Amino acid sequence: MKNQFFKTPLLAVLVIFLATFSAVNVHAQQASGPEIKFSTKNYKQVLAVAKAGHKMVFVDAFATWCAPCKELRKTTFKDPKAAEYFNKNFISYSVDVEKGEGVDLAKKWQVEGLPTLLILDKNGKVLASHTGYVDGKGLMEFAGEASGK
């Protein structure tokens, strides 16, 4: 009885497909790696979480059409060192400045270009602002300057 499992061509194809799919899926999970985790809460809720946790707020003010904003999401926010640092030390909040509460927040924060990255204290006061793309190292430097670390 030699390998009767593979005598049915359909089963052989199915096994090969599943093995290939599993390998691709594992690779995709590894490739995604750590990234900055942005809150899904609204701004008032984010401030409440920041106060309770005695943390500052990191804001990514963006628009859907903004190419440098997309690049931040694709690269900078997935930088392993930046992700670890921001996830540990900040409540991160991403807001589209052309929709919903983002419109009023952009006015309040005087957003004049995109992307705009902000560091806020737990009460919502802007401590630092950066406009434009920045890599992971630059993002950590920005956060360090804003927090005095």
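Notes on the structure follow. Here the structure is a predicted model, which means the values were calculated and not measured.

### A look at the pattern of salt bridges
One side chain can pair with another of opposite charge once the charged atoms of both are near each other.
Item 1. The tally for this structure, following the rule as stated, stands at two salt bridges.
Item 2. Of the charged contacts in the structure, one is a salt bridge between Arg73 and Asp60, with a shortest N-O distance of 3.4 Å. Of this pair, Arg73 sits in helix H3 (residues 67-74) while Asp60 sits in strand S2 (residues 56-62), and the two are 13 residues apart along the sequence.
Item 3. For Arg73, a relative accessible area of 33% gives the class partly exposed.
Item 4. Judged by relative accessible area, Asp60 falls into the buried class, the value being 0%.
Item 5. Between Asp96 and Lys99 there is a salt bridge; the shortest N-O distance is 3.9 Å.

### Considerations on the packing of helix H4 (residues 80-89) against helix H6 (residues 136-147)
Item 1. At their nearest, the axes of H4 and H6 sit 8 Å apart, and the two run at 30 degrees to each other. Taken together, the axes of H4 and H6 lie roughly parallel to each other. Here H4 and H6 pass one another in a crossing that is left-handed. Contacts between H4 and H6 pair Lys81, Ala82, Tyr85 and Phe86 from the former with Gly136, Leu139, Met140, Ala143, Gly144 and Ser147 from the latter.

### A word on the sheet that holds strand S5 (residues 126-131)
Item 1. Strand order in the open sheet formed by five strands is S1-S3-S2-S4-S5, with mixed pairing between adjacent strands. On the outer flanks of this sheet lie strand S1 (38-39) and S5, each paired with one strand and no other.
Item 2. Bridge analysis of S2 against strand S4 (residues 116-120) gives five bridges, and the strand direction is antiparallel. What sits directly across from Asp60, in S4, is Leu117.
Item 3. The strands that H6 touches are S2, strand S3 (90-96), S4 and S5; relative to S4, the one it contacts most, it runs at about 35 degrees.

Cut-off values and rules
Residues numbered from 1 in each chain as written. Predicted model: local features only at pLDDT ≥ 70, side-chain atom pairs only at ≥ 80, totals over all residues. Heavy atoms only, no water. Salt bridge = Lys/Arg side-chain N within 4 Å of Asp/Glu carboxyl O. Helix = DSSP H or I, 4+ residues; strand = E, 2+ residues; numbered from the N terminus. Buried < 20%, exposed > 50% of the residue type's maximum accessible area, 1.4 Å probe, protein only. Axes fitted to C-alpha atoms, helices over the stretch in contact; angles between N-to-C directions. Parallel < 35°, antiparallel > 145°, perpendicular 65-115°, else oblique. Left-handed = near helix turned anticlockwise from the far one by under 90°. Contact = heavy atoms within 4.5 Å. Pairing = 2+ DSSP bridges.

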